[in-house]
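Now for the letters of each chain:
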Amino acid sequence: MNTKKITYTAVFTALVFVLTTFVQIPMPLGGGYINLGEAGIYICAGLCGPFAGAFAGGVGSALADLSTGYAFWALPTLIIKCCEGLIVGLFAKNAIRYFNGKTNIGMIIAGIFMILAYFGARFIVVSGNTLEASVVAAGMNVIQIAAGIICADFVFIALNRMHFKVKIGRAS
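Residues numbered from 1 in each chain as written. Predicted model: local features only at pLDDT ≥ 70, side-chain atom pairs only at ≥ 80, totals over all residues. Heavy atoms only, no water.

Participant: Run through the overall build of the protein chain, naming residues and quoting values.
Facilitator: In terms of regular secondary structure, the protein chain is built from six helices and two strands. In the protein chain, the succession of α and β elements from N to C terminus is α-β-β-α-α-α-α-α. Counting every position in the protein chain, which comprises 172 residues, the buried fraction comes to 48%. The long-range fraction of contacts in the protein chain, counting pairs at least 24 apart against all pairs at least 6 apart in sequence, stands at 73%. Accessible area for the protein chain stands at about 8100 Å²; split by element, carbon and sulfur atoms hold 77% of it. (Helix = DSSP H or I, 4+ residues; strand = E, 2+ residues; numbered from the N terminus. Buried < 20%, exposed > 50% of the residue type's maximum accessible area, 1.4 Å probe, protein only. Contact = heavy atoms within 4.5 Å. Areas by Shrake-Rupley, 256 points an atom, 1.4 Å probe, with all protein chains shown as cover.)

Participant: Quick one: what's the story with the packing of helix H5 (residues 101–125) against helix H6 (residues 131–161), residue by residue and with numbers?
Facilitator: Packing of H5 against H6 brings their axes to within 9 Å, and their N-to-C directions diverge by 155°. Considering the angle they form, H5 stands roughly antiparallel to H6. Classified by chirality, the crossing of H6 by H5 is right-handed. Its residues assigned to classes, the contact of H5 with H6 comprises 17 nonpolar, six polar and two charged. (Axes fitted to C-alpha atoms, helices over the stretch in contact; angles between N-to-C directions. Parallel < 35°, antiparallel > 145°, perpendicular 65-115°, else oblique. Left-handed = near helix turned anticlockwise from the far one by under 90°. Nonpolar A, V, L, I, M, F, W, Y, C, P; charged D, E, K, R; others polar.)

Participant: Describe in detail the side chain of Lys81, supporting the description with residues and values.
Facilitator: Take Lys81: it is sitting in helix H4 (residues 74–92). At 2.6 Å, the side chain of Lys81 and the side chain of Glu38 are in polar contact. Sequence-distant contacts of Lys81, that is, excluding residues within four places in its chain, are made with Glu38, Ile41, Ala54, Gly57, Gly58, Ser61, Met114, Tyr118 and Gln144. (Polar contact = N/O pair within 3.5 Å; in protein donor to acceptor, adjacent residues only side chain to side chain.)

Below, the structure written as structure tokens:
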């Protein structure tokens, strides 16, 4: 890993943290919140590759949980968001353009993974969790994922229109 990629990964980790903490909409029925960190994870993974996306997604999101009173979610978040960044990065890895079908499929698959993983994690993390609460939380996660995909796609479209050719280690 070169200095440029380490720097971009650190910047994206901070961006994911800020996007996750800046706008938080608490979920009903206990535990968790909706945020815009998803967009930062998807953009990082699309620009920097799977490993940078995994690091920025996992660490940035887990730090946000630790700093905003959701410490009990930090470990599941670290694992789930790392996997999300990895999935998107693997799909975007060899893409010629940033906004493309492969990257979008990766974001959708990563989003489905997130929904299922948090659905299961709620039974471990939230005491007295019910199936109804998990279904409501899954619905809220769909909103978060859709917002993340839309924001990331707008950024990718802008980069394509600017003929942005710098690949920040995407081939790794």
